[in-house]
Amino acid sequence: MNTDSLCRPSDIVSPSIVVESELTDFDADQRLLAMSGISLVIFTSVGCASCRFAREQLPRFDLAVDRLCWIDAGSNGGVVERYRVFHLPALFVVRDGEFFGALQSRLTRTALNEAVGQALSRQAEELP
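Residue indices follow the written sequence of each chain, beginning from 1 at its first position. Per-residue local features of the predicted model are confined to residues with pLDDT of at least 70, and side-chain atom pairs are confined, for both listing and counting, to 80 or more; whole-chain, interface and lining totals are unaffected and use all residues. In computing side-chain properties, one takes all heavy atoms of the structure into account and sets aside hydrogens as well as water.

### Observations concerning the overall build of the protein
By the criteria applied, helices consist of DSSP H or I runs no shorter than four residues and strands consist of E runs no shorter than two, each listed in order from the N terminus. Along the protein, the regular secondary structure elements total 4 helices and 5 strands. Seen in sequence order, the protein has helices and strands lined up from the N terminus as β-α-β-α-β-α-β-β-α. Only protein chains enter the calculation, and the probe is 1.4 Å; a residue is then buried if its accessible area is under 20% of its type maximum, exposed if over 50%, and partly exposed in between. Expressed as a percentage of the 128 residues in the protein, the buried residues total 45%. Sequence-distant contacts, at least 24 apart, represent 69% of the contacts inside the protein between residues at least 6 apart. Using a 1.4 Å probe, the Shrake-Rupley method yields the accessible areas, and only the shown protein chains count as cover for residues. Carbon and sulfur atoms make up 50% of the accessible area of the protein, which totals about 7200 Å². Whether two residues touch is decided by their heavy atoms; if any such pair falls within 4.5 Å, the residues are in contact.

Put into structure tokens, the structure is as follows:
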């Protein structure tokens with residue numbers, strides 16, 4: 001088995017039922033503005049056990065989002081600062097380039113879907 005720089009298997013087909021993207025300081029804003037539909041933006045770190053759980057489980061959940069956008073908090077300090085990330089994993093909702101804020105939720109399918117629905121009922125803002 002081969003692994004990538006984040007120690008994830010790279011030679012196994014992902015069981016993900018949702019599109020996944022890796023974003024960085026250099027492309028996060030442009031890509032989020034250009035993406036249509038609902039994006040769940042997730043800040044993680046290699047050394048965080050909850051982040052490893054999120055990386056493993058969230059792609060398998062039947063979530064009410066079009067894509068998962070992963071950001072490595074350890075390598076992307078600029079976007080971490082703009083989003084005011086203070087704990088990991090940190091989750092945010094973006095729909096059609098508009099920011100709907102942070103999610104406070106347990107990492108379960110039901111809780112996340114409820115939190116996404118609540119976030120989308122708030123007033124949209126510009127991306128941080």
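### Describing the packing of aromatic side chains
When the centres of two rings from Phe, Tyr and Trp lie within 6.5 Å, Trp using its six-membered ring, the rings pair. Their planes under 30 degrees apart give stacked, over 60 give edge-to-face, and anything left gives tilted. Inspection of every chain in the model, using the stated rule, returns 5 aromatic pairs. Measuring from centroid to centroid gives 5.6 Å for F43 and F92, while their planes differ by 80°, and the two rings are edge-to-face. Taken together, the residues span a long stretch of sequence, with F43 in strand β2 (residues 38–44) and F92 in strand β4 (residues 90–95) at a distance of 49 residues. Of the two residues examined, F43 and F92, each falls in the buried class. Counting every residue linked through ring pairs, the aromatic cluster contains F43, Y83, F92 and F99.

### Concerning the pattern of salt bridges
Whenever Lys or Arg places a side-chain nitrogen within 4 Å of a carboxyl oxygen from Asp or Glu, that contact is recorded as a salt bridge. Per the counting criterion, the structure on display carries 3 salt bridges. Notably, a salt bridge pairs D27 with R31, separated by 3.2 Å at the nearest N-O pair. Judged by its relative accessible area of 30%, R31 falls in the partly exposed class.

### Points about the side chain of R55
Relative to the elements of secondary structure, R55 occurs in helix α2 (residues 49–57). A polar atom in the side chain of R55 sits 2.7 Å from the side chain of E22. Definition of a polar contact: a pair of N or O atoms within 3.5 Å, with one able to donate and the other able to accept a hydrogen when the atoms are protein atoms, and with sequence-neighbouring residues admitted only if both atoms are side-chain atoms.

### Some details on the environment of L33
For L33, the location among the structural elements is in helix α1 (residues 28–34). Since its relative accessible area comes to 52%, L33 is described here as exposed. Ignoring anything within four residues of it in the chain, the contact list for L33 reads G97 and L127.

### Describing the pairing of strand β3 (residues 67–72)
Taken across its 6 residues, β3 has 6 buried, putting it largely inside the fold. Residue alternation in β3 divides its side chains into two sets, R67, C69 and I71 and L68, W70 and D72, and both sets are buried. Strands are labelled as partners when DSSP assigns at least two bridges between them. Examined bridge by bridge, strand β1 (residues 19–23) and β3 share 5 bridges and lie parallel to one another. For E22, the partnering residue across the bridge sits in β3 and is W70. The pairing of β2 with β3 spans 6 bridges and is classified as parallel. In the strand pairing of β3, V41 is matched with C69.

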